[in-house]
Amino acid sequence: MKYTQLGRTGLKVGRLVLGTMNFGPQTDEADSHTIMDAALDAGINLFDTANVYGWGENKGRTETIIGNWFAKGGDRRDKVVLATKVYANMAAEGEAWPNHDKLSALNIRRAVEASLKRLRTDHIDLYQFHHVDRDTPVEEIWQAVDVLIQQGKILYAGSSNFPGWKIAQTNETARRLGSYGLVSEQCLYNLAERRAEMEVIPAAQEYGLGVIPWSPLHGGLLGGVIKKEVEGGRRASGRSADALANTSVRAQIQTYEDLLDKHGLEPGEVALAWLLTRPGVTGPIVGPRTADQLASALRAVELELSEELLAELDGIFPGPGPSPEAFAW
């Protein structure tokens, strides 16, 4: 595994991030533990989760699975840089109650305590805001975060799904208050979805945030979906199926797969390797459901993409360009 600093911090993390959203809903606890062991053995040290993962009646289930894995010992917790998120309403289904979601000081305190209990640990390394809270003043959020840092319950704060202007506002407020500010931004970013290049990534770079792309294969669209459909009869589903229903998108993906077939490369591995070439990117989140999927993702770290291939990929998936050039003269 190759390592890099997380943004402007002194924290070293691997170039791949283990996403755990499938643990519970799609991957049972035993297999989830096997995948986490394999990831750690491969040198992946940043594990990402969220308090809401597990979804529906099982909200919090994923954190519990991770906590049970930590409880097995073997320095598992010490070796992992643990990241989780806060924002979603964690009240039981049908029992929604005020102040059980978003980023009020009250909910942040409640959510941290609940996550620590499920994760069976005394601290969270990277505590991330899962979404923008349009109702809570940024000053209140930093007040709550600073208390938790002083208590040793969290070490760093990060954002997820923040626009560029919100990253700037949040860190300028932190600067004024003497807080350390955001150290990472987790955003939707991949070959097929490059709008983050307009303002989110430049803002992150300006303020020293590490960029952690989620959905690097765009819901499977960049993972060889057409080839799998033709060779294995495995039809696309979800976001991929919706996208491929558009004939122009299907033609674009076919061109992408044909290009990589010519080079003898696997589409999913190239999509991850491309992100590793992008300025500001710390490492994409991979969410394997199986050990084989994890092994494929690990190969991407060693994959070197030629300048010629990078140019061809840009031709298939052109980025929007920076702001304001993307929408002005």
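Everything below is about the structure printed above this text.
Quantities reported herein were computed from a predicted structural model and do not represent experimental measurements. (Residues numbered from 1 in each chain as written. Predicted model: local features only at pLDDT ≥ 70, side-chain atom pairs only at ≥ 80, totals over all residues. Heavy atoms only, no water.)

Draft legend 1. Examining helix H8 (residues 225–232) more closely. For H8, every residue scored as buried is listed here: Val225, Ile226 and Glu229. Down the axis of H8, the buried set is contained in an arc of 105°. They therefore lie on one face. Away from the buried face of H8 by more than 90 degrees, exposed residues Glu231 and Gly232 are located. (Buried < 20%, exposed > 50% of the residue type's maximum accessible area, 1.4 Å probe, protein only. Helix = DSSP H or I, 4+ residues; strand = E, 2+ residues; numbered from the N terminus. Arc of directions from axis to C-beta.)

Draft legend 2. Here's a closer look at helix H10 (residues 247–263). The terminal C-alpha atoms of H10 lie 25 Å apart, and with 17 residues this matches the ideal 24 Å at 1.5 Å per residue to within 8%. Those residues of H10 not exposed but buried are Val249, Ile253, Tyr256, Glu257, Leu259 and Leu260. Angular distribution of buried residues about the axis of H10 spans 155°; they occupy a single face of the element. Structural note: H10 exposes Thr247, Asp261 and Lys262 on the side pointing more than 90 degrees away from its buried face. A positive backbone phi angle near 70° is found at Gly264, which sits one or two residues after H10. (Expected span 1.5 Å × (residues − 1).)

Draft legend 3. Here's a closer look at the sheet that holds strand S6 (residues 124–129). Taking strand neighbours across the sheet as the criterion, the eight strands line up as S9-S8-S7-S6-S5-S4-S3-S10 in an open arrangement whose pairing is parallel. For this open sheet the edge positions go to strand S9 (210–214) and strand S10 (285–286), each flanked by a neighbour on one side alone. (Pairing = 2+ DSSP bridges.)

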